[in-house]
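Coordinate analysis (summary)
In case you want the letters, here they are:
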Amino acid sequence: MNIFFFIFKVSDPLFLKKTTKMKNTIGTLALLFTFLGLSAQTHSHSGAQPLSYPNIDGYVTLKTDLHMHSVFSDGKVWPTIRVEEALRENLDAISLTEHLEYQPHKEDIPHPDRNRAYHLAMEEAKEHDLLIIPGSEITRSAPVGHNNAIFITDANELLHEDAKDAFSTAKKQNAFVFWNHPAWYAQSPAGTPILSDFQKERIKKGELHGIEVINTVDYSEESLALALENNLTIMGTSDIHGLIDWSYTQKGNHRPITLVFAKEKSIEGLKEALFAGRTVAVYNELLVGKAEYLKPLLQTSIEIVKAEYIGKTQVLEVELKNISSSDLLFENAMGYTFYDSSPVFGISAGDTKILKIKTLEKLNTLVLKLEALGAYTAPKIHPMIEWTIKVE
Ligand SMILES: [Zn+2]
Ligand SMILES: [Zn+2]
């Protein structure tokens, strides 16, 4: 009989630890009633901070969080709350990835069918345009670590003593499998991922397809390097156990997500895009992805509102609007300089910025060229974004 040794990943907001248990309970109840009250009266789930990112050429941009927990493993909420949170944030797809092997609530919630959280979420989401992806977290100590298998057909079949059997069963179910928080210091004390023979073998056998570069609030450049070296899909997830509102929204943050560039919004469309590696991981102003997807995303995230010269001068005013939910940070990469702005400037989500560009002579078209400082296509590498602007 194998005993699984692993450490439970604590991702509670700090302030929770400082409050008493009683306060927690009252707070939870108050919040739950707020959710229920809202949905009973209006059946609308628009939250204070719905997420929005533009489509890119040829693809629809799906906002996904494919790693989360409920009371059916070590999470603290019923699966329906995960659905309501996702609707409030305008997500397109979620997966409840309960630990298959770690079941701390088993005495209170017997759990013979490991598909239960998925079914409850499906029922809750049936009247909404939210995709629920069946998933499970295969949970071991290092070097195997934690891995999510999604698009599975039966979670129960993934319960094996030997992790290798869990992976081969996931492959038989045509699952997309990604390595979770590979840089987590509880499993890798240096805080950097270690690609062991186990992962190398899984990659070779086509049993491991993606890797989290962002998990909760942790970003690992080393995981990004591994993704690029091994052609693994770049993922970002919340791995939420408590409430999204307490862990992220109240602190002025959005949950980490993976933007997936799909041919259509459907389970099959999402799956095809994940296997093809068409993703950008996002946490607030941090955007991480392959250049071929990150560059068009940033390009379409900035709309050129107007471009005209100030009177008889050669100073061109260009108004930019950030239509994404990420605050974007840029540095001027043109030969031309700015009249009244630092070469480094930010445009908050939904905000506009007027650049005054000294073009020295009057131009009919300008190629605006900016380096996106908050975005990474590889460790330490920012993408260069261009907009061809017609002057009015
Ligand atoms: Zn985990
Ligand atoms: Zn997890």
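Not measured: the values here are computed from a predicted model.

**Some remarks on the sheet that holds strand β14 (residues 302-309)**
- Strand order in the open sheet formed by four strands is β14-β15-β19-β17, with antiparallel pairing between adjacent strands. The open sheet terminates on both sides in strands that have one partner only, identified here as β14 and β17 (337-338).
- Direction of pairing for strand β15 (residues 315-322) relative to strand β19 (residues 352-358): antiparallel, over a ladder of seven bridges. Residue pairing across strands places Leu316 opposite Ile357, the latter belonging to β19.
- Sheet strands touched by helix α10 (residues 291-301): β14 and β15. Its angle to β14, the strand with the most contacts, is close to 55°.

**Brief notes about the coordination of the zinc ion (ligand 2)**
- The zinc ion (ligand 2) binds to the protein through His67 (NE2), His69 (NE2), Glu137 (OE) and Asp239 (OD), with metal-donor distances spanning 2.0 to 2.4 Å.
- Considering all four donor atoms around the zinc ion (ligand 2), angles at the metal cover 79 to 165° and the coordination shape is irregular.
- Sequence spacing among the residues donating to the zinc ion (ligand 2) works out to H-x1-H-x67-E-x101-D.
- A separation of 3.4 Å is found between the zinc ion (ligand 2) and the zinc ion (ligand 1), which share Glu137 as a coordinating residue.

**Section: the sheet that holds strand β4 (residues 131-132)**
- Spatially, the seven strands line up as an open sheet ordered β4-β2-β1-β11-β12-β13-β21, and their pairing is mixed. Edge positions in the open sheet fall to β4 and β21 (375-376), since each of these has one partner strand only.
- Bridge count between strand β1 (residues 60-65) and strand β2 (residues 93-94): two bridges; the pairing is parallel. Its bridge partner lying in β2, Thr64 is registered against Ala93.

**A look at the coordination of the zinc ion (ligand 1)**
- Listed as protein donors to the zinc ion (ligand 1) are Glu137 (OE), His146 (ND1) and His181 (NE2); their distances from the metal cover 2.1 to 2.2 Å.
- As a motif over one chain, the donors of the zinc ion (ligand 1) read E-x8-H-x34-H.

**Focus: the pattern of salt bridges**
- In total, this model carries 17 salt bridges according to the counting rule given.
- Because the salt bridges share partners, they merge into one network encompassing Lys63, Asp92, Asp129 and Lys265.

**Overview of the packing of helix α3 (residues 79-88) against helix α4 (residues 116-125)**
- Closest axis-to-axis distance for the α3/α4 pair is 8 Å, and the angle between their directions is 45°. One way to sum up the angle between α3 and α4 is to call them oblique. Seen along the crossing, α3 lies across α4 with a hand that is right-handed. Touching Pro79, Thr80, Val83 and Glu84 of α3 are Ala117, Leu120, Ala121, Glu124 and Ala125, all from α4.
- Split into classes, the residues belonging to the contact of α3 with α4 amount to six nonpolar, one polar and two charged.

**A short note on the confidence of the model for the chain**
- On average, residues of the chain carry a pLDDT of 90, and 88% of them reach 70 or more.
- When the elements of the chain are averaged for pLDDT, helix α1 (residues 14-18) gives the smallest value, 33, and strand β11 (residues 257-262) the largest, 99.
- Taken as a whole, residues 1-43 scores under 50 in pLDDT and shows 61 contacts with residues more than four places along the chain or in a different chain.

**A few points about the packing of helix α5 (residues 163-172) against helix α6 (residues 197-204)**
- Where α5 contacts α6, the two axes come as close as 12 Å, and the packing angle between them is 20°. Viewed along their axes, α5 and α6 adopt a mutual orientation that is roughly parallel. Every pair of crossing elements has a handedness; the one defined by α5 and α6 is right-handed. Between α5 and α6, the contacting residues are Ala163, Lys164 and Phe167 on the first element and Phe198, Glu201 and Arg202 on the second.
- Looking at side-chain class alone, the contact of α5 with α6 contains three nonpolar, no polar and three charged residues.

**So, the pairing of strand β10 (residues 233-237)**
- With five of five residues buried, β10 is to be regarded as a mostly interior element.
- Taking every second residue as pointing to the same face, both faces of β10 are buried, with Thr233, Met235 and Thr237 on one and Ile234 and Gly236 on the other.
- Here strand β8 (residues 210-215) pairs with β10 via five bridges, running parallel. The residue of β10 that forms the bridge with Asn215 is Thr237.

Reading the values: the criteria
- Residues numbered from 1 in each chain as written.
- Chains lettered and ligands numbered in written order.
- Predicted model: local features only at pLDDT ≥ 70, side-chain atom pairs only at ≥ 80, totals over all residues.
- Heavy atoms only, no water.
- Pairing = 2+ DSSP bridges.
- Helix = DSSP H or I, 4+ residues; strand = E, 2+ residues; numbered from the N terminus.
- Contact = heavy atoms within 4.5 Å.
- Axes fitted to C-alpha atoms, helices over the stretch in contact; angles between N-to-C directions.
- Donors = N, O, S within 2.8 Å, 3.2 Å for Na, K, Ca; no water.
- Tetrahedral: all angles 85-135°; square planar, octahedral: opposite > 155°, others 65-115°.
- Salt bridge = Lys/Arg side-chain N within 4 Å of Asp/Glu carboxyl O.
- Parallel < 35°, antiparallel > 145°, perpendicular 65-115°, else oblique.
- Left-handed = near helix turned anticlockwise from the far one by under 90°.
- Nonpolar A, V, L, I, M, F, W, Y, C, P; charged D, E, K, R; others polar.
- pLDDT = per-residue confidence, 0-100.
- Buried < 20%, exposed > 50% of the residue type's maximum accessible area, 1.4 Å probe, protein only.

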